[in-house]
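Summary of structural features
Read off the chains here:
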Amino acid sequence: MRKHTILIILVLFFSNRLVTQNLKYIDSLKNQLSIRQNNDSIKLVILTKLHESLMFSKPEEARQYALQELELYEQSGLEFAYGLGNLHLGDYYYNKTKNDSAKHYYTLAKNSFLKNGKAKGLIFVNYTIAEIFKTEGNYVEALNIFNESIAAIDKHIHDPYYISQFKGGSYLAI
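This section reports on the structure supplied with the text. (Residues numbered from 1 in each chain as written. Predicted model: local features only at pLDDT ≥ 70, side-chain atom pairs only at ≥ 80, totals over all residues. Heavy atoms only, no water.)

1. A word on a nonpolar patch on the surface
Heads up, the condition is: For patch building, the residue pool is restricted to those with more than 30% relative accessible area and no salt bridge; the joining distance is 9 Å between like charges and 5 Å between nonpolar side chains (Val, Leu, Ile, Met, Phe, Trp, Tyr). A 1.4 Å probe and the Shrake-Rupley method give the accessible areas. Residues count as covered only by the protein chains that appear here. Salt bridges are defined as contacts in which a side-chain nitrogen from Lys or Arg sits within 4 Å of a carboxyl oxygen from Asp or Glu. Helix and strand definitions follow DSSP, with helices as H or I runs of at least four residues and strands as E runs of at least two, each counted in order from the N terminus.
On the surface, Leu143, Tyr171 and Ile174 cluster together to form a nonpolar patch covering roughly 300 Å² of accessible area. Looking at the secondary structure, you find isoleucine 174 in the segment after α8 (160-173).

2. With respect to the nonpolar core
Keep this limit in mind: Residues grouped as a nonpolar core are buried Ala, Val, Leu, Ile, Met, Phe, Trp, Tyr and Cys residues, joined through side-chain atoms within 4.5 Å. Using a 1.4 Å probe on the protein chains alone, a residue whose accessible area is under 20% of its type maximum counts as buried, one over 50% counts as exposed, and one in between counts as partly exposed. The contact criterion used is simple: two residues touch if any of their non-hydrogen atoms lie within 4.5 Å.
Formed by 37 residues in total, the largest nonpolar core has its most connected members in Leu50, Leu87, Tyr106, Phe113 and Val125. At the level of elements, α1 (2-35), α2 (41-54), α3 (59-76), α4 (79-95), α5 (99-116), α6 (119-135), α7 (139-156) and α8 are the ones that each hand at least two residues to this core. If one sorts the elements of this core by residue count, α6 sits on top with eight residues. Excluding its chain neighbours within four sequence positions, the residues that come into contact with valine 125 are Leu87, Tyr106, Ala109, Lys110 and Phe113.

3. Regarding the packing of α6 against α8
How we decide: Only the stretch in contact is used when fitting a helix axis, every axis being a line fitted to C-alpha atoms; angles between N-to-C directions are given from 0 to 180 degrees. Here the word oblique covers every angle except those under 35 degrees (roughly parallel), over 145 (roughly antiparallel) and from 65 to 115 (roughly perpendicular). Polar here means any residue other than Ala, Val, Leu, Ile, Met, Phe, Trp, Tyr, Cys and Pro, which are nonpolar, and Asp, Glu, Lys and Arg, which are charged; Gly is therefore polar.
Put simply, α6 and α8 touch, their axes get as near as 11 Å, and they point 10° apart. Accordingly, the angle class assigned to the pair α6 and α8 is roughly parallel. In this structure, α6 contributes Lys120, Ile123, Phe124, Tyr127, Glu131 and Lys134 to the contact, and α8 contributes Tyr162, Phe166, Gly169, Ser170 and Ala173. Looking at the contact of α6 with α8 residue by residue, the classes come out as six nonpolar, two polar and three charged.

So, in structure tokens, the structure goes:
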């Protein structure tokens, strides 16, 4: 019994430390965003990291960062902000199981990533679009998209780490 109590205390202690560290990270990002004057790729990275850090715990707040990515695109013309903003809005709707809305935003993101040659963005968005088709029972379309991603990985990704991660995820999903 004593071993279980100690184990529970250790788990709670380390869980609390991880949450505290994550909150400090998020607060740091929010601080950087508040002082950032330029509408540039650095601001986009901050918005992206905030969205990704909050998309499950605080989805409405994360959605606001996705909308800010789209505002950044409108203000600066930074094309990648358009793709990421739509990708993140797609994530928001996907996590709420609003698949039609998710597919709409993912399609906008996919077109942007294709237009601008952003292979990693394309692979991420394809993966989730394929997952949606898979959950809807449209296995042929899902397989076509997974295969499209594998072809994009073969063509555009050269880092062995990313090749194994992206291909592994695709083959596992298939």
